[in-house]
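A structural walkthrough
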Amino acid sequence: MSTTTGTPGPGTAELTALQAALRAEHAAVYGYGVVGGRIEQARREDARAAYDAHRARRDELARAVRDLGGTPDPAAAGYALPFPVTDSAAAVRLAAELEERLAGVYSDLVRAATGSRRGSAAGALREAAVRAVRWSGESVAFPGLAERAAATPSASATTPRT
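Note that the structure is predicted; figures quoted are calculated from it, not measured.

Our focus in this paragraph is the overall build of the protein chain. A tally of helices and strands in the protein chain yields 5 helices and 2 strands. Listing every helix and strand of the protein chain by position from the N terminus yields α-α-β-α-α-α-β. Expressed as a percentage of contacts within the protein chain between residues at least 6 apart in sequence, the contacts between residues at least 24 apart total 78%. When the accessible surface of the protein chain is totalled, it reaches about 8,500 Å², and 55% of it is carbon and sulfur.

This part is about the pattern of salt bridges. According to the stated counting rule, one finds 11 salt bridges in the structure shown. In this structure, the salt-bridge partner of Asp52 is Arg48, at a minimum N-O distance of 3.7 Å. Residue Asp52 and its partner Arg48 are both found in helix H2 (residues 41–67); the two are separated by 4 residues, about one turn of the helix. Of the residues examined, Arg48 reaches a relative accessible area of 44% and is grouped as partly exposed. Here the salt bridges share partners, and the residues they tie into one network are Arg48, Asp52 and Arg55.

A word on the packing of H2 against helix H3 (residues 88–112). In the contact formed by H2 and H3, the axes pass within 12 Å of each other and the chain directions differ by 25°. By the criterion of interaxial angle, the relationship of H2 to H3 is roughly parallel. Of the two possible hands of crossing, H2 and H3 adopt the one that is left-handed. For the pair H2 and H3, the contacting residues are Arg43, Ala50, His54, Arg57 and Leu61 in the first and Val92, Glu99, Leu102, Tyr106 and Leu109 in the second. Among the residues making up the contact of H2 with H3, the classes are represented as 6 nonpolar, 1 polar and 3 charged.

Counting 21 residues, the largest nonpolar core has Leu18, Ala21, Leu61, Leu102, Tyr106 and Leu109 as its most contacted members. Here the element with the most residues in this core is helix H1 (residues 12–38); it accounts for 7 residues. Not counting residues up to four positions away in its chain, the partners in contact with Leu18 are Leu61, Ala64, Val65, Leu68, Leu109 and Arg117.

A word on the packing of aromatic side chains. Within this structure, the stated rule accounts for 2 aromatic pairs. An angle of 55° between the planes, with centres 5.3 Å apart, marks the rings of Tyr30 and Tyr79 as tilted. Of this pair, Tyr30 sits in helix H1 while Tyr79 sits in strand E1 (residues 79–80), and the two are 49 residues apart along the sequence. By relative accessible area, Tyr79 is classed as buried at 3%. Relative to Trp135, the ring of Tyr32 has its centre 6.4 Å away and its plane inclined at 45°; by these criteria the two rings are tilted. Separated by 103 residues along the polypeptide, Tyr32 in helix H1 and Trp135 in helix H4 (residues 115–136) bring together distant segments of the chain. Arg93 extends its terminal NZ or CZ atom over the ring of Phe83, reaching a point 4.9 Å from the ring centre.

Conventions and cut-offs
Residues numbered from 1 in each chain as written. Predicted model: local features only at pLDDT ≥ 70, side-chain atom pairs only at ≥ 80, totals over all residues. Heavy atoms only, no water. Helix = DSSP H or I, 4+ residues; strand = E, 2+ residues; numbered from the N terminus. Contact = heavy atoms within 4.5 Å. Areas by Shrake-Rupley, 256 points an atom, 1.4 Å probe, with all protein chains shown as cover. Salt bridge = Lys/Arg side-chain N within 4 Å of Asp/Glu carboxyl O. Buried < 20%, exposed > 50% of the residue type's maximum accessible area, 1.4 Å probe, protein only. Axes fitted to C-alpha atoms, helices over the stretch in contact; angles between N-to-C directions. Parallel < 35°, antiparallel > 145°, perpendicular 65-115°, else oblique. Left-handed = near helix turned anticlockwise from the far one by under 90°. Nonpolar A, V, L, I, M, F, W, Y, C, P; charged D, E, K, R; others polar. Core = buried A, V, L, I, M, F, W, Y, C linked by side-chain atoms within 4.5 Å. Phe/Tyr/Trp six-rings, centres within 6.5 Å; stacked < 30°, edge-to-face > 60°. Lys NZ or Arg CZ within 6 Å of the ring centre and 35° of its normal.

Right, here's the structure in full:
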């Protein structure tokens, strides 16, 4: 649950989008843990690099939420994956899906953010789109657009387990 201090103000949309991106990064970190456990040796370094990048983004987003007076949403204990990840091919598909979903969340943050946070969100969107292409071998003209996200059930990377 998002928590802000004081009366909702102009930064509320930005804070909401930051929290959504933070939740998506929590899920991506979890998801890359699964990817790393199933990915073939040749792609393991790619998975490690993505895992580290998402941990860094997660920490950056938590700081940004605090900077706006919010309390960062915590990670869930576990997340439901969109499909079973039983082998390397499924791990690659999961990595691509994580990145595609993150691109959608960062697209929302680009729209809501201002100043340097907007630039950071645009950079995160670009990085997610590039990683998605590297994992899937396919690209889209405008990563993160709502029309693309309509093909997936949720803008978050994975769904928290309850």
